[in-house]
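These are the residues of each chain, in order.
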Amino acid sequence: MGAVVALDRLLDGRQVWRGPARQGQASGHLASGHPALDARLPGSGWPASGLCEVLQAAPGVGELALVWPALAKLSQRERPIVLVAPPYRPHAPAWAAAGLDLAQLQIIHAAPKQALWATEQCLRSAACAAVLCWPQQADDRALRRLQVAADSGQCLGFVFREARAARNPSPASLRLQLDHGQARVLKCRGGLPPAQPLPLAIAH
């Protein structure tokens, strides 16, 4: 077990490069709905399970539009999509217009200290299609627990955090920074991040 953890840390620290996935492994990914992003991500989309970290200067820069296409597909699988402690009340008509089945949308209201715990339990439960959270404070240890929980529960997790968190390493499978209609991929397991920001057609 120690060797596995050590290798994982090497991969996270970019001291070892993991080669691109072999043909036939694309089924382990979910198209993001943004062609420019899919074209540059290993597997051509979000990981089917694992933690994706989205860094942003402030809420409302297009982070929901970024994930809506994938969530719309997941909502058709009749498994809940859970929002843990969202910063604002979700606008149901906007989510419905994005193609999500609102019957699968669930919201958990939690204090900051309980939000990470609730997110971990949902990710690990194997009952959810996706879990989204907006933690006010999350260190490397907390994010690693979420990453392990997402892998264990075969669930796609999205963590939305402030852009300044980019200065710190992250165990997330995929990490990108969103700003002014562009996404800069900071980390993607299975390949090297694109050198240039990727333009995204998303509404702010």
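For the structure, check the block above.
Now for a description of the structure that goes with this document. (Residues numbered from 1 in each chain as written. Predicted model: local features only at pLDDT ≥ 70, side-chain atom pairs only at ≥ 80, totals over all residues. Heavy atoms only, no water.)

Some words on the packing of aromatic side chains
For clarity, the cut-off: Stacked, edge-to-face and tilted are the three classes for Phe, Tyr and Trp ring pairs, Trp counted by its six-membered ring, which pair at centre distances within 6.5 Å; planes under 30 degrees apart are stacked, over 60 edge-to-face, the rest tilted. Segments assigned H or I by DSSP are reported as helices when at least four residues long, segments assigned E as strands when at least two residues long, and all are numbered from the N terminus. Each residue is placed in one exposure class: buried if its accessible area under a 1.4 Å probe, protein chains only, is under 20% of its type's maximum, exposed if it is over 50%, and partly exposed if it falls in between.
Scanning all chains against the criterion turns up 4 aromatic pairs. Ring geometry for Trp68 versus Trp95: centroids 5.5 Å apart, planes at 75 degrees, classification edge-to-face. Highlighted residues: Trp68 in helix 3 (residues 63-74) and Trp95 in helix 4 (residues 92-97), separated in sequence by 27 residues. With respect to class, Trp68 is no different from Trp95; both count as buried. Consider the rings of Phe158 and Phe160, whose centres lie 6.4 Å apart with planes at 20 degrees: the pair is stacked. For the pair shown, Phe158 and Phe160 are each scored as buried. The structure contains a cluster of three or more aromatic residues connected by ring pairs, namely Trp46, Trp134, Phe158 and Phe160.

Topic: helix 6 (residues 140-152)
The line we're drawing: Multiply 1.5 Å by the residue count of a helix minus one, and that product is the helix's expected span.
Over its 13 residues, helix 6 runs 18 Å from end to end, which matches the ideal 18 Å to within 8%, given 1.5 Å per residue. Listed in full, the buried residues belonging to helix 6 are Ala142, Leu143, Arg144, Leu146, Gln147, Ala149 and Ala150. At the exit of helix 6 stands Gln154, carrying a positive phi of roughly 50 degrees.

A closer look at the environment of Phe160
Basically, it comes down to this: Any pair of residues with heavy atoms lying within 4.5 Å of one another is described as a contacting pair.
The topology assignment puts Phe160 in strand 7 (residues 156-162). The spacing of Phe160 and Glu63 is 97 residues in sequence and 8.1 Å in space, taken between C-alpha atoms. When residues no more than four places from it in sequence are discounted, the contact partners of Phe160 are Val54, Gln56, Glu63, Val67, Leu132, Cys133, Trp134 and Pro135.

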